[in-house]
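Here is what each chain is made of, one letter per residue.
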Amino acid sequence: GDFVYSTCGDLSGNEYKSSDFYYHDIESQVATMMGEVDLYHVNHHGSKSATNSKWAKTLKPTVSVFSCGKDSEYGHPSAAPLENLNSVGSEMYLTNDCNSANTDQYGSKVHIMNDDVVVTVPSSGSTFTVANSSGGSSKKYNIKTSKSKRDSCKKLGVDADADDDSEKDVSILSYLLELLGLK
């Protein structure tokens, strides 16, 4: 099938400065290169510095997975990522009951797994399944058939057909450093 998955680690989507860190809005700069996805592993555990409105509206994930610790001292997930994903109709899965003060208001749109979240995508087919690792809970979703077209990485000056992946990585890193004003 045409299953598309996004995972971007701690990619940030808001200009935000804490006592220890300064976050830049990278999500808005690269959102159109990601395009629509079926599954989104939520950036930075759903922190307030990630999953901005433009990112959510561009990716339009069918399912979003929050990897977060029970009673997280950081308050993950924050209200904004939950609201941004809810506004595009994404169903949200959490590995734990991370921040019920924020998640409870979304009712059946939020699934607390209290376990690992397992996604199964058959090699040929039109659906994918989201379940917990013990198999006690699962739900099937359709793979989107008409996703919006993604912008090419050539926008970054990256030769997507290059034989050497390290050249691609260096070009993308250079682009991101330039965005941050560090190059």
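Residues numbered from 1 in each chain as written. Predicted model: local features only at pLDDT ≥ 70, side-chain atom pairs only at ≥ 80, totals over all residues. Heavy atoms only, no water.

Turning our attention to the packing of aromatic side chains. In this structure the tally under the stated criterion is four aromatic pairs. Judged by centre distance (6.4 Å) and plane angle (85°), the rings of Tyr-93 and Tyr-141 are edge-to-face. Separated by 48 residues along the polypeptide, Tyr-93 in strand β6 (residues 91-94) and Tyr-141 in strand β10 (residues 138-142) bring together distant segments of the chain. (Phe/Tyr/Trp six-rings, centres within 6.5 Å; stacked < 30°, edge-to-face > 60°. Helix = DSSP H or I, 4+ residues; strand = E, 2+ residues; numbered from the N terminus.)

What follows covers the environment of Ile-112. Its location among the elements puts Ile-112 in strand β7 (residues 110-112). For the pair Ile-112 and Tyr-93, spaced 19 residues apart in sequence, the C-alpha separation works out to 6.0 Å. Excluding its chain neighbours within four sequence positions, the residues that come into contact with Ile-112 are Leu-94, Asn-96 and Asp-97. (Contact = heavy atoms within 4.5 Å.)

Adjacent strands of a sheet pair through backbone hydrogen bonds, lying either parallel or antiparallel. Strand order in the open sheet formed by five strands is β1-β4-β5-β6-β7, and the pairing between neighbours is parallel. The strands lining the two open edges of the sheet, one partner per strand, are β1 (5-7) and β7. Averaged over neighbouring strand pairs, the angle between their axes works out to 15° when direction is ignored. Relative to strand β4 (residues 39-41), β1 is paired through three bridges, and the arrangement is parallel. In the strand pairing of β4, Tyr-5 is matched with Leu-39. (Pairing = 2+ DSSP bridges. Axes fitted to C-alpha atoms, helices over the stretch in contact; angles between N-to-C directions.)

Time to look at helix α3 (residues 79-87). Within the sequence span of α3, burial applies to Pro-81, Leu-82, Asn-84 and Leu-85. Along α3, the residues classed as buried sweep out an arc of 165° about the axis, all on the same side. The elements touched by buried residues of α3 are β4, α2 (53-59), β5 (63-66), β6 and α4 (100-103). Positive phi shows up at Gly-89, right after α3, with a value of about 80°. (Buried < 20%, exposed > 50% of the residue type's maximum accessible area, 1.4 Å probe, protein only. Arc of directions from axis to C-beta.)

Moving on to the side chain of Thr-58. By the element assignment, Thr-58 lies in helix α2. Accessibility expressed as a relative area gives 18% for Thr-58, which makes it buried. Side-chain polar atoms of Thr-58 contact the backbone oxygen of Lys-54, separated by 2.8 Å. Discounting residues that sit within four places of it in the chain, Thr-58 has contacts with Ala-31, Thr-32, Gly-35 and Glu-36. (Polar contact = N/O pair within 3.5 Å; in protein donor to acceptor, adjacent residues only side chain to side chain.)

Our focus in this paragraph is the confidence of the model for the protein. For any part of a model where pLDDT is low, the fine detail of the predicted coordinates should not be relied upon. When pLDDT is averaged along the protein, the result is 80, and 82% of the positions lie at 70 or above. Mean pLDDT across the elements of the protein ranges from a minimum in helix α5 (residues 165-179), with 55, to a maximum in β10, with 94. (pLDDT = per-residue confidence, 0-100.)

We now examine the pairing of β10. One ladder, built from five bridges, connects strand β9 (residues 127-132) with β10; its direction is antiparallel. Among the inter-strand pairings, Thr-127 is bridged to a residue of β10, identified as Asn-142. Count of turn residues in the β9/β10 antiparallel hairpin: five residues, of which Gly-135 carries a positive phi of about 80°.

Attention now goes to the state of the cysteines. On inspection of all chains with the given rule, the structure shows one disulfide. Residue pairing for Cys-68: its cysteine sulfur links by disulfide to Cys-98, the two sulfurs lying 1.8 Å apart. Looking down the S-S bond of the Cys-68 and Cys-98 bridge, the torsion is 80°, so its handedness is right-handed. Here Cys-68 is found in the loop between β5 and α3, whereas its partner Cys-98 is found in the loop between β6 and α4, with 30 residues between them in sequence. The exposure class assigned to Cys-68 is buried, which follows from its relative accessible area of 7%. (Disulfide = S-S within 2.5 Å.)

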